[in-house]
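# Fold and contact review
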Amino acid sequence: MGQDSINKKIAQKLRRARRILDIVCEDGDLATDLAKALKKLVVGLDVSDANFKKAEKAAKKKKVSPFVSCVRGDAQRLSFRKEEFDSVTLSYTLHHLENPLQALDEIRRIMKPKGKLVVVECMIKEVRDKTTCCFYTLEDLRKIIEESGFRNVRFEHLDEDNFLIEAVK
């Protein structure tokens, strides 16, 4: 399944959200696709100023600039107010974070009650299959997400070793 199809699937999952935070927005593909599909505010968060420029350029190209805002920040120390967002997305992000549990705790803090978390990650079947970008098993991720207080954790197989995970605050 291509990234465009994955982004459409994420947009379907978030159609009721009013404010969405896309953590580690990189070039802005997901943030701008969500803004275009949903016509809702999507805040892209990244540690790289270069990525903001790419994301802003993508928003202009897709004619969704009014719906996309880019901010500099760290997923493990979010500067947003408590309960500011309806939904948060992490697309191939958790494996890059030094402390994913701390990031998920921060995400819960800034999410409204019953807010939706959507994660896309590459999964492995056994520990011996680990790579630098693919080192979680389904149970590893379930444990981390549930440990941080999310509930109703559901997995959807996207293709080969990629999964979409939904959870509720």
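Above this text sits the structure in question.
Just so we're clear, the structure is a prediction, and the values are computed from it rather than from any experiment.

What follows concerns the overall build of the chain. Regarding its fold elements, the chain presents five helices and seven strands. Projected onto the principal axes, the alpha-carbon positions of the chain cover approximately 45 × 35 × 30 Å. By residue count, 50% of the 169 residues in the chain fall in the buried class. The long-range fraction of contacts in the chain, counting pairs at least 24 apart against all pairs at least 6 apart in sequence, stands at 67%.

Further remarks concern the side chain of Glu121. Relative to the helices and strands, Glu121 resides in strand E5 (residues 111–122). By relative accessible area, which is 0% here, Glu121 ends up buried. A polar contact of 2.8 Å, which involves the side chain of Glu121, links it to the side chain of His95. Beyond its immediate stretch of four places on either side in the chain, Glu121 contacts Tyr92, Thr93, Leu94, His95, Leu141, Asp161, Asn162 and Phe163.

Most of strand E2 (residues 41–46) is tucked away, with five of its six residues classed as buried. Inspection of the sheet shows strand E1 (residues 19–23) paired to E2 by five bridges, in the parallel sense. What sits directly across from Arg19, in E2, is Leu41. Following the backbone out of E1, through helix H2 (residues 29–38) and into the adjacent parallel E2, one traces a crossover that is right-handed. Examined bridge by bridge, E2 and strand E3 (residues 68–72) share five bridges and lie parallel to one another. Residue pairing for E3: Val42 is matched across the bridge by Val68.

As a further point, take helix H4 (residues 100–110). The complete set of buried residues in H4 reads Pro100, Ala103, Leu104, Glu106, Ile107 and Ile110. Viewed along the axis of H4, the buried residues span an arc of 160°, placing them on a single side of the element. The elements touched by buried residues of H4 are E1, strand E4 (85–91), E5 and helix H5 (138–147).

Turning to the sheet that holds E3, a few remarks are in order. Hydrogen bonds between backbone atoms are what pair the strands of a sheet, whose relative direction is either parallel or antiparallel. Read from one edge of the open sheet, seven strands run E3-E2-E1-E4-E5-E7-E6, paired in mixed fashion. Bordering the open sheet on either side are E3 and strand E6 (151–159), each of which pairs with just one other strand. Strand-to-strand, the axes of this sheet are offset by a mean angle of 20°, without reference to chain direction. Taken together, the six bridges between E4 and E5 define a ladder with parallel strand orientation.

Moving on, we come to the pattern of salt bridges. Throughout the structure, instances matching the rule amount to twelve salt bridges. Note that Arg77 and Asp74 form a salt bridge whose closest N and O atoms lie 2.7 Å from each other. A cluster of three or more residues bridged by salt bridges with shared partners is formed by Lys9, Lys13, Lys116, Arg154, Glu156 and Glu166.

Position of Ser87 among the secondary structure elements: in strand E4. Setting aside residues no more than four positions away along its own chain, Ser87 makes contact with Leu14, Ala17, Arg19, Ile20, Leu21, Met111 and Lys116.

Cut-offs applied
Counting of residues starts from 1 at the beginning of each chain's written sequence and follows it residue by residue. With pLDDT at 70 or above as the cut-off, local features in this predicted model cover only qualifying residues; side-chain atom pairs require 80 or more to be listed or tallied, and sums for whole chains, interfaces and linings still use all residues. Hydrogens are left out, water is left out, and the side-chain values use all remaining heavy atoms of the structure. Per the convention used, a helix needs a DSSP run of H or I reaching at least four residues, while a strand needs a run of E reaching at least two, with both numbered from the N terminus. For every residue, the accessible area (1.4 Å probe, protein chains only) is compared with the maximum for its type, and the residue is labelled buried under 20%, exposed over 50%, or partly exposed between those bounds. Between two residues, a contact is recorded if the distance between any of their heavy atoms is within 4.5 Å. N or O atoms closer than or at 3.5 Å make up a polar contact, with two conditions inside protein: a donor-capable atom paired with an acceptor-capable one, and, for residues adjacent in sequence, both atoms drawn from side chains. For two strands to count as paired, DSSP must find a minimum of two bridges between them. Handedness rule for crossovers: strands pointing away from the viewer, path from the first strand over the helix to the second running clockwise, crossover right-handed. Note that the arc is defined by the directions from the helix axis to the C-beta atoms. Helix axes use the C-alpha atoms of the stretch in contact, all axes being lines fitted to C-alpha atoms, and the angles between their N-to-C directions lie in the range 0 to 180 degrees. We count a salt bridge whenever a side-chain nitrogen from Lys or Arg sits within 4 Å of a carboxyl oxygen from Asp or Glu.

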